[in-house]
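# Remarks on the overall topology
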Amino acid sequence: MFLYGYPGNGKTSIAERITRCFGSTVWIPRVMYVEGQIIKFYDATSHEPIEVESSGGFLDELDFDRRWVRIRRPTIVAGGELRMEDLEIHLTP
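Residues numbered from 1 in each chain as written. Predicted model: local features only at pLDDT ≥ 70, side-chain atom pairs only at ≥ 80, totals over all residues. Heavy atoms only, no water.

## Notes on the overall build of the protein
So the rule is basically this: A run of H or I in DSSP becomes a helix once it reaches four residues, and a run of E becomes a strand once it reaches two; helices and strands are each numbered from the N terminus. Taken over C-alpha atoms, the radius of gyration is set against a globule rule of 2.2 Å times the number of residues to the power 0.38. A simple rule labels every residue: compare its accessible area, found with a 1.4 Å probe on the protein chains alone, to the largest value its type can have, and call it buried under 20%, exposed over 50%, or partly exposed in between. Only heavy atoms enter the contact rule, under which two residues are in contact if any of them lie within 4.5 Å. Per-residue and other accessible areas follow the Shrake-Rupley method at a 1.4 Å probe size, with only the shown protein chains counted as cover for residues. In summary, the charge assignment counts Lys and Arg as positive and Asp and Glu as negative, without counting His or the chain termini. The atom standing in for a charge is NZ when the residue is Lys, CZ when it is Arg, CG when it is Asp and CD when it is Glu.
A count of helices and strands for the protein gives one helix and five strands. Computed over its C-alpha atoms, the radius of gyration of the protein comes to 17 Å, more than 25% above the 12 Å expected for a compact globule of 93 residues. Of all 93 residues assigned to the protein, the portion counted as buried reaches 11%. If you take every contact in the protein between residues at least 6 apart in sequence, the share linking residues at least 24 apart comes to 52%. Put simply, the protein shows about 8300 Å² of open surface, and 57% of that area lies on carbon and sulfur atoms. Across the protein, the centroid of the 11 positively charged side chains sits 5 Å from that of the 14 negatively charged ones.

## Concerning the pairing of strand β2 (residues 31-34)
Rule in force here: Pairs of strands are assigned from DSSP output, requiring at least two bridges between the strands.
Where β2 meets strand β3 (residues 37-40), four bridges bridge the pair, whose relative direction is antiparallel. Paired with Tyr33 across the strands is Ile38, a residue of β3.

## Overview of the side chain of His47
Within the secondary structure layout, His47 lies in the loop between β3 and β4 (48-49). If we ignore the near neighbours within four places in the chain, the residues touching His47 are Ile28, Phe41, Tyr42, Ile71 and Pro74.

## Some details on the environment of Tyr42
Position of Tyr42 relative to the elements: it lies in the loop between β3 and β4. Along the primary structure Tyr42 and Ile71 are separated by 29 residues, whereas in three dimensions their C-alpha atoms are 9.0 Å apart. Residues contacting Tyr42, with those up to four places away along its chain left out, are Ile28, Pro29, Arg30, His47, Pro49, Val69 and Ile71.

## Here we look at the side chain of Thr19
One can find Thr19 in helix α1 (residues 11-21). For Thr19, the residues in contact, after removing those within four places along its chain, are Arg73, Pro74 and Thr75.

## Section: the packing of aromatic side chains
What counts is decided by this rule: Working definition: a ring pair exists when centres of Phe, Tyr or Trp rings (six-membered ring for Trp) sit within 6.5 Å. Plane angles under 30 degrees give stacked, over 60 give edge-to-face, the rest tilted. Only when the NZ atom of a Lys or the CZ atom of an Arg is both within 6 Å of the ring centre and within 35 degrees of the ring normal do we say a charge sits over the ring.
Scanning all chains against the criterion turns up zero aromatic pairs. Between Arg30 and the ring centre of Tyr42, over which it is positioned, the NZ or CZ distance is 6.0 Å.

## Digging into the sheet that holds strand β1 (residues 25-29)
With antiparallel pairing, three strands are arranged side by side in an open sheet as β1-β5-β4. Each edge of the sheet is formed by a strand with only one pairing partner; in this case those strands are β1 and β4. Sheet topology places β4 next to strand β5 (residues 68-72); two bridges connect them, and they run antiparallel. Counted as the bridge partner of Pro49 is Ile71 from β5.

## Describing a nonpolar patch on the surface
The condition is simple: The patches reported here contain residues having more than 30% relative accessible area and no salt bridge. Joining distances are 9 Å for like charges and 5 Å for nonpolar side chains (Val, Leu, Ile, Met, Phe, Trp, Tyr). In the sections that follow, a salt bridge refers to a side-chain nitrogen of Lys or Arg positioned within 4 Å of a carboxyl oxygen of Asp or Glu.
Side chains of Phe2, Leu82, Met84 and Leu87 sit close together on the surface and give an oily, nonpolar patch of about 450 Å² of accessible area. Counting through the fold element by element, Phe2 comes out in the segment before α1.

Following this line, the structure appears as structure tokens:
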């Protein structure tokens, strides 16, 4: 979601509250393979990984697909430096 408007009208406050409405963590794939290309989703600069703890129950929470990572749901705030080309997928050989 992108919020646009003049400074001081509550965009950041709204974005942070919307993020909290959906829970504090989310599972994302580390990468995806699409039409012969590897697309990296997990970014250590924007995502904070959350340690998965064992509950000791029958279905152990540590038994999960390691291709996915549990992260704190991010709210990323960008100012005027964000350009349309920054939103496109770029090839990094």
